[in-house]
Structure formats: structure tokens, C-alpha cells
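Residues per chain are reported as follows:
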Amino acid sequence: MGLYIEKSVFNESDHAKFACELRQDLETLEMLLMSPGWGEGASTLGAELELYLTDTNNRPAPFNDQILTRASDPHLTTEINRFNLEYNCPYVALKGQPFTRLQRLLDKRIISLQELADREGIHVTPVGILPTLLERDFDRSQMTDSPRYQALIKTLKQCRGEPFHIEIAGEDSLSLDIEEATIEGANTSFQVHVRINPAEFASWYNALQISSAFSLAIGANSPTFLGKKLWHETRIPLFSQSVDCRNPVVEAHMPSRASFGQGYLRQSAIELFRRGINLLPVLLPDWSDRAIESTSRSTEISEENTVEQPQESPELRALRLHQSTVWYWNRPVYDKADGGHIRIELRSLPAGPTTLDMMANAALSLGLAQHCRKNIDYLMDMLPFEFARHNFFEAAKNGIDAMLVWGSQAGAVREYPVTELLMPMLEGATEGLMELGVNSKEANKWMSVIERRLASRQTGAVWQLASLMHYEQRQSRYQALSSMFSDYRANSLTGEAVSGWTIH
């Protein structure tokens, strides 16, 4: 989804030409999706991991350009703020031991990045939201120098017409008006990509919309922001509000750019692409050939079982550029590689605490979705879309303590603790992974990580809040946040699953 542009100012002619390209691209994609055999192929698994750079005082360190230059890696790219980096992990085949292979690739890159960062006394850490952030960290000067980011932030601000309003109520409450959308950069994610055959896309998407609440609740790792204890996964409301460019007076009825969606799919992925074009205005109308891909999501490296994708389909550049500014939590992605295909990008999972935890979250997400696909019609009848949406945000707010709406064997729909629902589902998730081609040892390995997390009732968010409470007995809130993050970073480096972390 990473696309570079060279322009940051657009006029009416740009918008008109881009709109024409966008409509043509949509028609082309619709024809491709209706073409027998198009997009079919072996399933693959990829990921994007966003990382924080911090100094010896646990403050954000604006050195992403320097580290990027030293790394000289086409899979590495900047993020909107200068204290973040993103690693685009090469794809692996979704069979055998895909999560173990992906973990090995991530570990290898994080270690090499840390070696580069050591020269500047900088630490590289996967965490959903850095606990020590201050409001001044989102000044325009902290933004990465890129035409794309400049254009995006400028356009979001122009569309909004007034400061962005952040309102999040948890154990504490945050109410903030901020001029720049750079606050979006506080959120760092572990975004999982899975290739889907077009005929199966609707069932996959609907299953993920239903099952995402479970992986989000058990994977929560972002409980604080600007010194406040908020949601267990504060990234969800923070991202939604920080890019909400609707004018509150005249566009409040329109959907947000970052949303759970507008309903289940009936038949095809084209419904999602069409909604994104029809319901959301274009932000970056770069209609010319200036827009080029910043890093190929299909680039292969000399690593066992990574996937070679030599052939290409139509560019559909306008559609891809527009879709990169439509932030559904489960987002469709068109890729021209390997004859052309579509993927689902799972965007709700946070970065961290460890690669072990992140890969377990990914395995749970896909295994549980495959399990739900087998009864998707029943589940959609039992759980209307508004209930699935409610569950998603309930999971983000309360994490492992969430109460989700679900049906019983007797047919009654009511609220149940997420742990009570999820524990018996792990067997189905394990079977789902094996149906996808994952071997039994691999499937059981990752579900055992989730099982231990359920047994300990300790997610990354739970550990952060408990550690913060421990340090606040003798330190100020900000000092306690810094001490907590020091321990978090040390624990993360061990690679031990968060379920086994202790409070120092």
C-alpha cells in the first residue's frame, strides 16, 4: 500500500483527471474479478511491522531517515513521524510452518536494525503506542520529510476545516483538540496480509469481521496515551479520530475513513472497493505517472519458502493510491504481481510485545476466521453486522475483560466474557490452521501461546497497566510510564511471551 508521490498541492484539474482514472481502474478490477481463474493461486502470508525509535531517556528519537539510509533495505520504509520505521516482511507460503518462518524473518530484521541504531544510542521496539509520548511530539517538525505525508496531512486538515478532536474515555479521560493529523503516527501496528482467492473473499472478509474481536481482545497492547490510562487497545479510537477529516457540521452523516465498515459482503471484494470510492472523497489525486511504489510488497529475497511472483497484472495505480487512504480495519488490497491477486490486510493488531506474541495473534486471527467460515451464514444470521461492530470496539476498550455478544447452543444471544467464548474456540482455530495447510505441530505451537495468555489473563495491555500501578506507588505518572517502558523493552528483547512477564 506504500505509494510515493512527488506533488503535495493539487488543483481541480488534478481531481477531475484522477476521478476518470479511478473509475476506469474500478471497471478494470471488476472485469478481472469476474474473469475465470483470475487471482487464483496458492495462499501466502505477509506482514508489515511498525516500530518505535527511542533514546536512552525512553523519549521518541527522530532518526528514521538515518537508519533507513544505513540499512539500505528495500523492505524497510519510513512512517509519518520521524521516530517510526516500518518493515515490510517478504511473503511466505501459507503452508507447513509459515508463522515460524515469518517470525524468523522479523527477528532477523529487528536485530539488524538494533545493531544499526546502537551507533546513535537508539532503541528499536515494537509497541502499540509509546507510553512516554507528549503532545509536543506531534508538532509538524516531527513529520517525516515526504511529499506523500505532507500532502496527506495538509489535505486531511483542509477537509476537516477545524482542529481534530480526540475524545477517549477509559479509566482516565482524554479530550484534546490538535491542529495536525500527525497524531495518527502515535499508532504502530502489526498488519497481516493474506492472499485470498476471489471466489472466497466474501466469506473470508465476513468471517474476519466477526472473529477480529477475539484476536483484538487477546492481543491488546496499547493501554495509555499522553499519560492517560485509556482503552486496552487505544490505537483503535485514536487512529479513527486522528484521520477523521469529515467536516463536523456538513459531513457528520458520512462514514469515517478509518472504520469497521458498512456491512457484510454479499458476493465480492468489488463491493468494498466500490464503497471506498463512492463514499470517501479522494485525498491524493496524483493522476500522472509520478506516483511510484515505494517498496514492492512482492519482492522476494533469498530466504527459504519466500514466494516468487514474477508476473504482473494491470497497474491500477489510481485505485491503489486511493485505497491507501481508506483505512478499514480489515482492508482489501489489489496487487498486480503474480498475474494479479487480492489480499485482506488485517490492520487492527498492535505491534508487540514480542514477535512470538505477534505471530500467535496472527495465527489465531487466520485459524479462527477459517473456523468461522465453515458456518458463516449461521454466524451472520446470529450476529447482525452492528453486533459484530459492537464486539470489535468492546474488545478494543476492555481487552481480555471484554464482554462480547454471542449466541448460545440454545439460541439465546447475550453477552459473554471473551475468555469464556475463546477458550473452547482454540480447538476450532487449530483445525482451521491445518485446513489452510499449516502442519499440526505449527498450529498447536501458536495456539498454546494463546492458551497460556488466556490462563494467565495477561496481555500486553494488562502487563503495562499492572507495571504502571507498581511504579506509581513511588513515582509520578510520567516517571512511572518511563520506568514501565524500560521494563517492557527489556522483556521484549528476551523474546519471552507476555503471558510469562513479571512485574519488577
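Here goes a summary of the coordinates provided. (Residues numbered from 1 in each chain as written. Predicted model: local features only at pLDDT ≥ 70, side-chain atom pairs only at ≥ 80, totals over all residues. Heavy atoms only, no water.)

Here helix α4 (residues 147-160) contains 14 residues, and its C-alpha end-to-end distance of 20 Å stays within 8% of the 20 Å for a straight helix at 1.5 Å per residue. Taken residue by residue, α4 has Arg-148, Tyr-149, Ala-151, Leu-152, Ile-153, Thr-155, Leu-156 and Arg-160 as its buried positions. Gly-161 sits one or two residues past α4 and shows a positive phi near 80 degrees. (Helix = DSSP H or I, 4+ residues; strand = E, 2+ residues; numbered from the N terminus. Expected span 1.5 Å × (residues − 1). Buried < 20%, exposed > 50% of the residue type's maximum accessible area, 1.4 Å probe, protein only.)

Next up on the list: the environment of Val-282. Following the sequence through the fold, Val-282 ends up in the loop between α7 (270-279) and β11 (292-293). Taking the C-alpha atoms as reference points, Val-282 and Val-326, 44 residues apart in sequence, are found 9.5 Å from one another. Those residues within four positions of Val-282 in sequence are excluded, and the remaining contacts are His-15, Phe-18, Leu-22 and His-322. (Contact = heavy atoms within 4.5 Å.)

Another point: the environment of Arg-140. In this structure, Arg-140 sits in the loop between β5 (123-125) and α4. Along the sequence, Arg-140 and Phe-387 sit 247 residues apart, while their C-alpha atoms lie 39 Å from each other. Here Arg-140 is in contact with Gln-150, Ile-153, Lys-154 and Glu-180, once residues within four sequence places are set aside.

Bringing the side chain of Thr-354 into the picture now. By the secondary structure assignment, Thr-354 is in the loop between β13 (341-346) and α9 (355-373). Looking at Thr-354, the relative accessible area reads 2%, which means it is buried.

Inspection of every chain in the model, using the stated rule, returns 16 aromatic pairs. Note on Tyr-264 and Phe-385: the rings are 5.2 Å apart at their centroids and 85 degrees apart in plane angle, and the pair reads as edge-to-face. One end of the pair, Tyr-264, is in the loop between α6 (235-242) and α7; the other, Phe-385, is in helix α11 (residues 385-398), with 121 residues separating them in the sequence. The pair Tyr-264 / Phe-385 is uniform in exposure class, with both members buried. Where Trp-463 meets Trp-501, the ring centres are 5.1 Å apart and the plane angle is 90 degrees; that geometry is what we call edge-to-face. (Phe/Tyr/Trp six-rings, centres within 6.5 Å; stacked < 30°, edge-to-face > 60°.)

Right, let's get into the packing of helix α3 (residues 98-117) against helix α13 (residues 440-456). Running from amino to carboxyl end, α3 crosses α13 at an angle of 65 degrees, the nearest separation of the two axes being 8 Å. Contacts from Pro-98, Phe-99, Thr-100 and Gln-103 of α3 reach α13 at Glu-442, Lys-445 and Trp-446. For the contact of α3 with α13, the class distribution of residues is three nonpolar, two polar and two charged. (Axes fitted to C-alpha atoms, helices over the stretch in contact; angles between N-to-C directions. Nonpolar A, V, L, I, M, F, W, Y, C, P; charged D, E, K, R; others polar.)

A separate point is the pairing of β13. Burial within β13 is extensive, with six of its six residues counted as buried. Every second residue of β13 is oriented toward a common face, with His-341, Arg-343 and Glu-345 on one face and Ile-342, Ile-344 and Leu-346 on the other, all of them buried. As judged from the five bridges shared by strand β8 (residues 190-196) and β13, these two strands associate in the antiparallel manner. Within β13, the position partnered with Ile-196 by the bridge is Ile-342. Sheet topology places strand β12 (residues 330-335) next to β13; six bridges connect them, and they run antiparallel. Each residue of the ladder has a partner; that of Val-333, found in β13, is Arg-343. Between β12 and β13, which pair antiparallel one after the other, the connecting turn spans five residues, and Asp-338 there sits at a positive phi close to 55 degrees. (Pairing = 2+ DSSP bridges.)

The subject of this paragraph is the pairing of strand β6 (residues 164-169). What you see with β6 is a clean split: Phe-164, Ile-166 and Ile-168 sit on the buried side and His-165, Glu-167 and Ala-169 on the side with no burial. Of the strand pairs in this sheet, β6 and strand β7 (residues 173-178) are connected by six bridges, and their pairing is antiparallel. Paired with Ile-166 across the bridge in β7 is Leu-176. Hairpin geometry of β6 and β7 is characterised by an intervening segment of three residues between the two adjacent antiparallel strands.

Looking now at the nonpolar core. Formed by 159 residues in total, the largest nonpolar core has its most connected members in Phe-99, Leu-133, Phe-225 and Trp-406. With twelve residues, the single largest contributor to this core is helix α5 (residues 201-219). Among all residues touching Phe-99, those that are not within four sequence positions of it are Leu-45, Leu-94, Met-359, Ala-362, Ala-363, Leu-366, Leu-433, Val-438, Glu-442 and Trp-446. (Core = buried A, V, L, I, M, F, W, Y, C linked by side-chain atoms within 4.5 Å.)

It is worth spelling out the packing of α9 against α13 at this point. Relative orientation and spacing of two packed helices are given, respectively, by the angle between their axes and the distance between those axes. For the pair α9 and α13, the least separation of the axes is 8 Å and the interaxial angle reads 105 degrees. Comparing the axis directions of α9 and α13 gives the class roughly perpendicular. Contact residues: Leu-356, Asp-357, Met-359, Ala-360, Asn-361, Ala-363 and Leu-364 in α9; Trp-446, Met-447, Val-449, Ile-450 and Arg-453 in α13. Of the residues in the contact of α9 with α13, the class split is nine nonpolar, one polar and two charged. (Parallel < 35°, antiparallel > 145°, perpendicular 65-115°, else oblique.)

Two side chains carrying opposite charge are able to pair once their charged atoms lie near each other. On inspection of all chains with the given rule, the structure shows 24 salt bridges. In this structure, Asp-73 engages Arg-109 in a salt bridge whose closest nitrogen and oxygen atoms are separated by 2.6 Å. One end of the pair, Asp-73, is in the loop between α2 (64-71) and β3 (76-78); the other, Arg-109, is in helix α3, and 36 residues separate them in sequence. Taken as a pair, Asp-73 and Arg-109 share a single burial class, namely buried. A salt bridge links Arg-140 to Glu-180, with the shortest nitrogen-to-oxygen separation between them at 3.4 Å. (Salt bridge = Lys/Arg side-chain N within 4 Å of Asp/Glu carboxyl O.)

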